[in-house]
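# Results of the structural survey
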Amino acid sequence: MLQLSWAGLRERWTSFAGAALTVCLGVALVQSSLLLLLTSATADAPAGSGPVAQLRFDEARVVAVTVLAVTLALAAFLAVFVIASTFAFTVDQRRRDLALLRLVGAGRRQVTRLLLGEALLLGVLGSLAGSALGAGVVRVQAWLMVRVGLLPAGAGAQWRAWVLPACVGVGTALALAGVSLAARRAARVRPLEALSAGEEPARVMTRGRWVTGVLLGAGALALVGLSPLGGPAGGRAMAVCVSLLAALALAVLAPVAVPALAGLLPLRGGALGDLARADLRDEVRRSASTAAPLIVLVGLLLGQSGAAWSYSQAATAELRRTVAADLVVEATADADGALAQRLSAVAGVSSASTEVELPAALTTGSGETAFTEIGRVLVVDPGAYERAHPGSGSLQELRGAALAAGPGALETSAGDRVGVRVGQLDLGTLPVVAAVPQSVGGGPALLLPAGLLPAELLRGSQVRTFVQLQEGGDRREVAAALAAAGGGDARVSDVQDWLARSAAQAGSSDTSILVVVMGLGALYALIGVVNAGVVATSARRREFATARASGLTRRQVVGSALLETWAVSTAGLLLGALAAAGTLLAVAIATASATGTASVDLPWPLVGAVVLGTFAVTGATSVWTTWSATRTAPVQLLRARE
């Protein structure tokens, strides 16, 4: 059966080129993410780093590993989706050939083995090519992570010998998984379909497809309803998953949604528009297969970016409401630990809350259930913190060897006990005696009272002081005095300027992570969109020849195909935007529950780029492939026998 599969590949290599390309690119992206993930997970801090610097390195490594793990998962998901979509369309185009095999005596199992054999061969060949291509992709991905600050300069992937066979196995498994469903469906083809022509060979929307689409859609709606119950962190996690489930649901239901939506568009162009509308109505599977990668691409890209921008806006608005200060002083902690006293003693200062944020090893649970992770702690003066952060609650109990749950605490509350180690100083297991409200922007997991850590340990750390001025004081004079008291590197800012700068930094960080997670994956999905268009057009040579024999010119055929492609692209964009809207709705509900005000924002330049890029790419693909498909004289194609 493998010999027959190999013969089929050689004979129809143009039809399988797109499937092989999707396997190749999918394996390259998975291999690149896996190598960088392994390298980041096993990296050591630079030689000579102090204890606190080592914790900072470990913290940055955890962030990099998390981002790469999400990237790897997204790459695997997109690979399965795009490969399955490509294989399903390729197999569907061969229904008459498969029916002919059934007609001459082939059984269902033989048809299934034939298709799985083709997928096996394509998986192996595509995986080998993808592993070779992965050597270049990993350099691009490493450069990207260094550029956005998630990896140190000069970082690169370390090769593991077992990665090559593992990626070949992964690529083969992806190919087999992608074709398995289509193979089972193709095995049920009726032999008499080999004798029919010009009719839709099979019902596109099967019962299983309806059930899958409805369940995915119900899951997206359930996450929207549950998002306000998850708190600031849990609500955000639920919200970002809505667009994923919604995009999958709409992609599964695309045979119904895409033609119905595209049919509502006002296709101008007279006869050409009518021809494009008829193709949309009759070729349901082709339209759905072309739009499905676009729905997932737009849904994920706009949904994830919209969630990031919306939460960044919510965090900034929350800071404005919860910070009571006139000036903000940013400086470096000195060895004597007297910076807070010097700033508080400046004439014209009513109150000053000096805060030092540090990485720490935090241990929760005990015995076999003990779990240690790298988190952030904030060293504060409890009274000054209450004045600088209205609504934080009472911190009177936060003194001595005690802790308070911070704005970024996830599962810590008053009454718990947490082990804390900062650098080489192990504070032991301390009680949590208070808690401040959680923030949508996150923050330190724990608050420590000033004096619990020695000044030597804090030396060199960045210090932030929120300053409230006395009435009638000269702001400029006080700012100059604060700068002098803070030292040579002190920076004094108006609180509104500091808030704007903090929002920009947070937005830049979110954008950097989004670029790393979605960048190459979005490019891969876009290639899937192009590939679907190429595969769809490659099977329409005789259709184009018939149209030309009926009186249409070559340019008119190209124009009709372009109208059809843009109609499908518009439907895909709208459905992808609908999936992204689900995430934005969940974000609005979650932020309103957490802060009292709904926050929704979109990166409109990205939205414009996605829309214009989609029409440009799909339009260029349609024109190029249709022009190539109509190069042969119509009479030669119409006389041809398959």
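In this report, we go over the structure that sits alongside the text. Residue numbering note: each chain is counted from 1, following its sequence as written. Totals for whole chains, interfaces and linings use all residues, but because this is a predicted model, local features are given only for residues with pLDDT of at least 70 and pairs of side-chain atoms are given and counted only at 80 or more. Calculated side-chain values reflect all of the structure's heavy atoms, with hydrogen atoms and water omitted.

This paragraph deals with the overall build of the protein chain. Each helix is a run of H or I in the DSSP string that is no shorter than four residues. Each strand is a run of E no shorter than two, and both are numbered from the N terminus. Within the protein chain, the regular secondary structure consists of 20 helices and nine strands. Over its C-alpha atoms, taken along the principal directions, the protein chain stretches across nearly 95 × 55 × 40 Å. We call a residue buried when its accessible area falls under 20% of the maximum for its residue type, exposed when it is over 50%, and partly exposed in between, using a 1.4 Å probe and counting protein chains only. Residues counted as buried form 48% of the 642 residues belonging to the protein chain. Seen as two clouds, the 50 positive and the 41 negative side-chain charges of the protein chain have centres 17 Å apart. Neither His nor the chain termini are counted; the positive set is Lys and Arg, and the negative set is Asp and Glu. Charged groups are reduced to one reference atom each: NZ for lysine, CZ for arginine, CG for aspartic acid, CD for glutamic acid.

We define a salt bridge as a contact between a side-chain nitrogen of Lys or Arg and a carboxyl oxygen of Asp or Glu at a distance within 4 Å. Scanning the entire structure with this criterion turns up five salt bridges. The partner of Glu330 in a salt bridge is Arg501, with the nearest N and O atoms 2.7 Å apart. On the criterion of sequence distance, the pair formed by Glu330 in strand β1 (residues 327-332) and Arg501 in helix α16 (residues 495-538) is long-range, its members being 171 residues apart. Given the relative accessible area of 23%, Glu330 is considered partly exposed. Across the pair Arg464 and Glu355 runs a salt bridge, and its minimum N-O distance is 3.3 Å. Of this pair, Arg464 sits in strand β8 (residues 462-469) while Glu355 sits in strand β2 (residues 349-364), and the two are 109 residues apart along the sequence.

Turning next to the packing of helix α7 (residues 207-226) against helix α8 (residues 231-252). For the pair α7 and α8, the least separation of the axes is 8 Å and the interaxial angle reads 160°. Between α7 and α8, the angle falls in the class roughly antiparallel. Note that α7 runs across α8; the crossing there is left-handed. Here Arg209, Thr212, Gly213, Leu216, Gly217, Gly219, Ala220, Leu223, Val224 and Leu226 of α7 lie close against α8, whose contacting residues are Met238, Cys241, Val242, Leu245, Ala246, Leu248, Ala249, Ala251 and Val252. Think of it as three bins: nonpolar holds Ala, Val, Leu, Ile, Met, Phe, Trp, Tyr, Cys and Pro, charged holds Asp, Glu, Lys and Arg, and polar takes everything else, Gly as well. Tallied by class, the residues present in the contact of α7 with α8 amount to 14 nonpolar, four polar and one charged. Working convention: axes come from line fits to C-alpha atoms, limited for helices to the stretch in contact. Angles between N-to-C directions cover 0 to 180 degrees. Any angle that falls under 35 degrees is termed roughly parallel, while one over 145 is termed roughly antiparallel, one within 65 to 115 roughly perpendicular, and all others oblique. In a left-handed crossing the near helix is turned counterclockwise from the far helix by less than a right angle, and in a right-handed crossing that turn is clockwise. Throughout, a residue-residue contact means that at least one pair of heavy atoms, one from each residue, lies within 4.5 Å.

Strands are labelled as partners when DSSP assigns at least two bridges between them. Where β2 lies against strand β5 (residues 417-422), three bridges are found, and the strand directions are antiparallel. Residue pairing across strands places Thr363 opposite Gly419, the latter belonging to β5. Here β5 runs beside strand β6 (residues 425-435); their pairing, made up of six bridges, is antiparallel. Considered in β6, the bridge of Val418 is made with Leu430.

Buried residues of helix α17 (residues 541-549): Phe544, Ala545 and Ala547, and no others. Down the axis of α17, the sector holding all buried residues measures 160°, keeping them to one side. In the stretch just after α17, Gly551 is the one whose phi turns positive, near 125°. Think of it as the arc spanned by the lines of direction from the helix axis to the C-beta atoms.

Take the pairing of β2 next. Burial of β2 is extensive: 12 of the 16 residues sit out of reach of the surface. The pairing of β2 with β8 spans seven bridges and is antiparallel. The residue of β8 that forms the bridge with Val356 is Val463. Where β2 meets strand β3 (residues 371-380), nine bridges bridge the pair, whose relative direction is antiparallel.

Using a grid of 1 Å spacing that covers the protein atoms alone, one calls a set of points a cavity when a 1.4 Å probe fits there but cannot get out, and a pocket when the set is open and has protein on both sides within 12 Å along at least five of seven lines; lining residues are those with an atom within 4 Å of a point. Grid points are joined across faces, edges and corners, and a volume is the space filled by probe spheres set on the points. Taken as a whole and judged by the stated rule, the model has five cavities of 30 Å³ or more. Considered as a void within the structure, the largest cavity measures approximately 210 Å³ in volume. Put simply, the parts of the chain that give the lining of the largest cavity at least two residues each are α11 (284-322), α16, α18 (554-595) and α19 (604-629). With six residues, the single largest contributor to the lining of the largest cavity is α19.

All right, on to the environment of Ala347 then. Its place among the elements puts Ala347 in the loop between α12 (339-344) and β2. For the pair Ala347 and Leu482, spaced 135 residues apart in the sequence, the C-alpha separation amounts to 9.2 Å.

Here a Phe, Tyr or Trp ring, Trp counted by its six-membered ring, pairs with any other such ring whose centre lies within 6.5 Å, and the pair is stacked when the planes are under 30 degrees apart, edge-to-face when over 60, and tilted otherwise. Going through the model one piece at a time under the given rule, you end up with two aromatic pairs. Where Trp566 meets Phe615, the ring centres are 6.2 Å apart and the plane angle is 85°; that geometry is what we call edge-to-face. Placement of Trp566 in helix α18 and of Phe615 in helix α19 is noted, with a sequence separation of 49 residues between them. For Trp566, a relative accessible area of 34% puts it in the partly exposed group. Residue classification places Phe615 among the partly exposed positions, given a relative accessible area of 23%.

The next subject is the environment of Pro431. As for its position among the elements, Pro431 is in strand β6. Classification of Pro431 by relative accessible area gives partly exposed; the value is 26%. Here the alpha-carbon distance between Pro431 and Gly303, two residues 128 residues apart in the chain, equals 40 Å. In contact with Pro431, not counting residues within four places along its chain, are Ala401, Ala402, Leu403, Asp416 and Arg417.

Before going further, it helps to examine the side chain of Gln468. Mapped onto the secondary structure, Gln468 falls in strand β8. Overall, Gln468 belongs to the buried group, its relative accessible area being 19%. Polar contact is defined as a pair of N or O atoms within 3.5 Å, subject to the rule that within protein one atom must be able to donate a hydrogen and the other to accept it, and that residues adjacent in sequence are counted only when both atoms are side-chain atoms. A polar contact of 2.7 Å, which involves the side chain of Gln468, links it to the backbone oxygen of Ala324. Apart from residues no more than four positions distant in its own chain, Gln468 is found in contact with Ala324, Ala325, Asp326, Gly348, Val349, Ser350, Ser351, Arg387 and Ala388.

Closest axis-to-axis distance for the α11/α18 pair is 7 Å, and the angle between their directions is 30°. Comparing their axes, α18 and α11 come out roughly parallel. Viewed along their axes, α11 and α18 form a crossing whose handedness is right-handed. Its residues assigned to classes, the contact of α11 with α18 shows 17 nonpolar, 12 polar and four charged.

Residues form patches when they are more than 30% accessible in relative terms and have no salt bridge. Like charges link within 9 Å. Nonpolar side chains (Val, Leu, Ile, Met, Phe, Trp, Tyr) link within 5 Å. In these tables, accessible area is a Shrake-Rupley quantity obtained with a 1.4 Å probe, and a residue counts as shielded only by the protein chains included in the view. A cluster of nonpolar side chains, contributed by Leu100, Leu103 and Val104, occupies part of the molecular surface with about 280 Å² of accessible area. Inspection of the secondary structure assignment puts Leu103 in helix α4 (residues 95-103). Given a relative accessible area of 38%, Leu103 falls into the partly exposed group.

Throughout, disulfides are identified as pairs of cysteine sulfur atoms within 2.5 Å of each other. Inspection of the entire model under this criterion finds zero disulfides. Here Cys167 stays unpaired: no disulfide links it, and the sulfur of Cys24, its closest cysteine neighbor, is 12 Å away. Look at Cys167 and you get buried, because its relative accessible area is 1%.

Expected span of a helix, by definition, is 1.5 Å for each gap between consecutive residues, and there is one gap fewer than residues. Along its 44 residues, α16 runs 61 Å from first to last C-alpha, staying within 8% of the 64 Å computed at 1.5 Å per residue. A residue's bend is simply the angle between two axes: one fitted to the seven residues ending at it, one to the seven starting at it. At Met518, α16 shows its strongest bend, of approximately 40°. In this structure Asp494 caps α16, since a side-chain oxygen of it lies 3.0 Å from the backbone nitrogen of Gln496.

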